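# Summary of the model geometry
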Amino acid sequence: RPGKPRQIGLTHVMDKGLNLRDIEGMFDTAGAFVDIVKFGWGTSYVTNNLEKKIALYRSFSTPVVCGGTLFEAVWARGKLDEFKRWLVEHRFSHVEISDGTLDIPREEKLALIADFARDFTVLSEVGSKDSDIVYAPYQWVQWIKEELEAGSWKVITEGREGGTAGIFRSDGDMRTGLIDEIAHEIAIDDLIFEAPTKSSQAWFVKHF
């Protein structure tokens, strides 16, 4: 892999509430491999030392992004302008736009991606967090292409933090046929696959 900052071969890590010492330890051990960090769910909004955490990640030349769940909560409350100001105030360069929990109309989601892409680097996410909702491969491909065209830097394929939805079945098995169909139609470098389990991480490394 090329050195950081890189555009391909990215490792996207979730911060579920790490403290400053945890972050320093992670970068001491594996910092060369961590490309972007997501503050999971809505944790960024209730983290006491958010400014210190962002500054520490920035010192390691690693951008941070808020979880898509926070974006959906903001959208549902009609607070997008306030959200943008909050992102700018805290110097976020990246933003995640998802609809895995709430049903955002398709055209509106694409318009939101285009709007936010004017001021931020957008990571959008495709797939539902509901394990009972299963989309056909052609739908995944179509939506990913649309979101890339709308302005997404990378598109994330939903897997939930437990690997039980989206590109995974409810029992944790990977939908490998779906992943292959997506990879056949979409450049791997435009995708970030959610892989919360060690076995799924190993599968992606060996498969691609």
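Right above here is the structure, for reference.
A quick note: this is a predicted structure, and the numbers were derived from the prediction, not measured.

## Looking at the sheet that holds strand S2 (residues 36-39)
Spatially, S1-S2-S3 is the arrangement adopted by the 3 strands of the open sheet, whose pairing is parallel. Strands at the two margins of the open sheet, each flanked by one partner only, are strand S1 (12-15) and strand S3 (64-66). Sheet twist, expressed as the average angle between the axes of neighbouring strands with direction ignored, equals 30 degrees.

## Quick look at the packing of helix H5 (residues 80-89) against helix H6 (residues 106-116)
For the pair H5 and H6, the least separation of the axes is 13 Å and the interaxial angle reads 35 degrees. In terms of crossing hand, the pair formed by H5 and H6 is right-handed. Contact with H5, carried on its side by Leu80, Phe83, Lys84 and Leu87, involves Leu112, Asp115 and Phe116 of H6 and no other residues of that element. Partitioning the contact of H5 with H6 into residue classes produces 5 nonpolar, no polar and 2 charged.

What counts and what doesn't
Counting of residues starts from 1 at the beginning of each chain's written sequence and follows it residue by residue. Given that this is a predicted model, residues contribute local features only at a pLDDT of at least 70 and side-chain atom pairs are listed and counted only at 80 or more, while totals for whole chains, interfaces and linings are drawn from all residues. Side-chain numbers here rest on the full set of heavy atoms in the structure, without hydrogens or water. Paired strands, as defined in this entry, are two strands with at least two bridges between them according to DSSP. Counting from the N terminus, the helices are DSSP H or I runs at least four residues long and the strands are E runs at least two residues long. Between the N-to-C directions of two axes lies an angle of 0 to 180 degrees, each axis being a line fitted to C-alpha atoms and, for a helix, fitted only over the stretch in contact. Crossings are sorted by hand: turned counterclockwise from the far helix by less than a right angle, the near helix makes the crossing left-handed, and turned clockwise it makes it right-handed. For this analysis, residues touch if any pair of their heavy atoms sits within 4.5 Å. The classification used treats Ala, Val, Leu, Ile, Met, Phe, Trp, Tyr, Cys and Pro as nonpolar, Asp, Glu, Lys and Arg as charged, and all other residues, Gly among them, as polar.

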